[in-house]
Structure formats: structure tokens, C-alpha cells
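Secondary and tertiary structure notes
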Amino acid sequence: MWKRLLAATAITLAHLAGTNASAAELSGKVVRVADGDTITVLDASKTQHRIRLTGIDAPESKQAFGNRSRESLADLVAGKQVVVHWNEQDRYGRILGQVLTPEGQDANLAQVQRGMAWHYAHFANTRPAAESRAYAAAQRQAQSQKLGLWQDKEPTPPWDWRMQARN
């Protein structure tokens, strides 16, 4: 447990060191887990914020392991007070952020470690280098241990699945 806490702390510090002055922090209770990489947080002023976990991409709800990925994230954060470190929003208005559990665990990284999400390497250059390396290493380990979605012989990355669904 201490190793996880230290790793989460190191990643958080690396993330904060790598962000610009506009970085923000949001605290609140997770009131909804939409899928394996999207949650809704209710802050102290009772405002709901949709959060997209950065650095990862989880299977879509109708995709293989989609429900298991959502359940995994719910196990980590549902009904809990979390802290979100962020500095941008996506085109859908969602906050793009790193979610820390009450124990200080990086929920984004935990999803990759559990084999419930991919490290989103396409956007690795927009994240702090230490964070991207940790996420990539976690994915390699989950793959080698055949955890979660890595039990499939050829799991389809969500970005490919979305492209196929559009066509």
C-alpha cells in the first residue's frame, strides 16, 4: 500500500510541476460514474462537474469490458470525496483531469493498472513525462499479467472501436 501511495504522490507532484499557472483543483463527491473514464463530481456549492480522466481511454459502454471498466472506476471513486487536478476542458465541456481518491491514489493510473483502460499514448506529449511513463509501464504490466481487457487475445482500443462504430 505504501508503494502505491508513494507512486501516486510522485505522479501528482510530477503532474503539478509540469502544469502551468492556470492549473486548478476541484474537490467534491462523485455522484455518477458514466463509464471507465468519465465521472460527475458534486462540489461544495452543489454544482455538478463532468470529469474526463486524462491520460487514459477506457472501453466504451457497449464495447467488451466496458461495463467492467465502469464498475472498476465506481469501486475506486463512487460516493467518495475526490480531488481533481486539471487545467483544461474538452470540446464537450468536460473537465480533463487527474482524479485522486481519498487515500491519495491516482484513479486514472489505477484503471490502467487493473487492465480496465489503455494508456492514451496519443496524448502522452500533453501530460507530464513522468506521468506518461508511469501509465505506459502500468499498461505493459497489466498486459503481461493478462489483467482485465488484456485477457482478450486482441482487445480493440476504444479509439478504433469508436471509428468502426461511426462507419
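Residues numbered from 1 in each chain as written. Predicted model: local features only at pLDDT ≥ 70, side-chain atom pairs only at ≥ 80, totals over all residues. Heavy atoms only, no water.

1. A short note on the side chain of Gln-139
Let me state the cut-off plainly: For helices the rule is a DSSP run of H or I covering at least 4 residues; for strands it is a run of E covering at least 2, with both sets numbered from the N terminus onward. Relative accessibility thresholds used throughout: buried, under 20% of the residue-type maximum; exposed, over 50%; partly exposed, between the two (1.4 Å probe, protein chains only). Note on contacts: a residue pair qualifies if any of its non-hydrogen atoms lie within 4.5 Å across the two residues.
In this fold, Gln-139 is placed in helix α4 (residues 129–144). Gln-139 sits in the buried class, given a relative accessible area of 14%. Leaving out residues up to four positions away in the same chain, Gln-139 has contacts with Val-112, Trp-118, His-119 and Trp-150.

2. Topic: the side chain of Gln-63
Along the chain, Gln-63 turns up in the loop between β4 (56–57) and α2 (66–77). Its relative accessible area of 8% is what places Gln-63 among the buried residues. Discounting residues that sit within four places of it in the chain, Gln-63 has contacts with Thr-156, Pro-157, Pro-158 and Trp-161.

3. A closer look at the confidence of the model for the chain
A low pLDDT means the predicted coordinates there should not be read in detail. Counted only if it meets this: pLDDT expresses, on a scale from 0 to 100, how confident the predictor is about each individual residue.
Across the chain, the average pLDDT comes to 87, with 87% of residues at 70 or higher. Predicted confidence for residues 1–21 stays below pLDDT 50, and this span has 25 contacts to residues more than four positions away or in other chains.

4. Some words on the packing of aromatic side chains
Formally: Between 30 and 60 degrees the pair is tilted, below 30 it is stacked and above 60 it is edge-to-face, where a pair is any two Phe, Tyr or Trp rings, Trp via its six-membered ring, whose centres lie within 6.5 Å.
A complete count under the given rule lists 3 aromatic pairs for this structure. Ring geometry for Trp-118 and Trp-150: centres 5.4 Å apart, planes at 65 degrees, overall edge-to-face. Separated by 32 residues along the polypeptide, Trp-118 in strand β7 (residues 118–119) and Trp-150 in the loop between α4 and α5 (158–166) bring together distant segments of the chain. Classification of Trp-150 by relative accessible area gives buried; the value is 9%. Summarising the aromatic geometry, the rings of Trp-118 and Trp-159 are spaced 6.1 Å apart at their centres and angled 70 degrees between planes, so their arrangement reads as edge-to-face. You can see Trp-118 sitting in strand β7 and its partner Trp-159 sitting in helix α5, a full 41 residues away along the chain.

5. Describing the sheet that holds strand β1 (residues 24–35)
The criterion, for reference: A pair of strands is considered paired only if DSSP assigns at least 2 bridges between the two. Here an axis means a line fitted to C-alpha atoms, over the contact stretch when the element is a helix, while the angle between two N-to-C directions is reported on a 0 to 180 degree scale.
Taken in spatial order, the 5 strands line up as β1-β2-β3-β6-β5 and close into a barrel, and their pairing is mixed. Put simply, the sheet's adjacent strands are angled 55 degrees from each other on average, direction ignored. Bridging between strand β3 (residues 48–53) and strand β6 (residues 95–100) involves 3 bridges; their strand directions are parallel. Residue Leu-53 lies in a different strand from β6, and its bridge partner there is Gly-97. Helix-sheet contacts for α2 involve β1, β2 (38–42), β3, β5 (81–89) and β6, and the interaxial angle to β1 is about 135 degrees.

6. Quick word on the environment of Glu-71
Counting through the fold element by element, Glu-71 comes out in helix α2. As for Glu-71 and Asp-35, which are separated by 36 residues in sequence, their C-alpha atoms are 8.0 Å apart.

7. Quick notes on the nonpolar core
The criterion, for reference: Each nonpolar core is a collection of buried residues, namely Ala, Val, Leu, Ile, Met, Phe, Trp, Tyr and Cys, held together in the definition by side-chain atoms within 4.5 Å.
Formed by 23 residues in total, the largest nonpolar core has its most connected members in Ile-39, Ile-51, Leu-73, Val-77 and Val-99. For this core, the elements supplying multiple residues, two or more each, are β1, β2, β3, α2, β5, β6, α3 (107–113) and α4. With 4 residues, α3 is the largest single contributor of residues to this core. Sequence-distant contacts of Ile-39, defined by excluding residues within four places in its chain, comprise Val-30, Arg-32, Val-33, His-49, Arg-50, Ile-51, Leu-53, Leu-73, Val-77 and Val-99. Membership of the second largest hydrophobic core comes to 5 residues, among which are Phe-65, Trp-118, Ala-142 and Trp-150.

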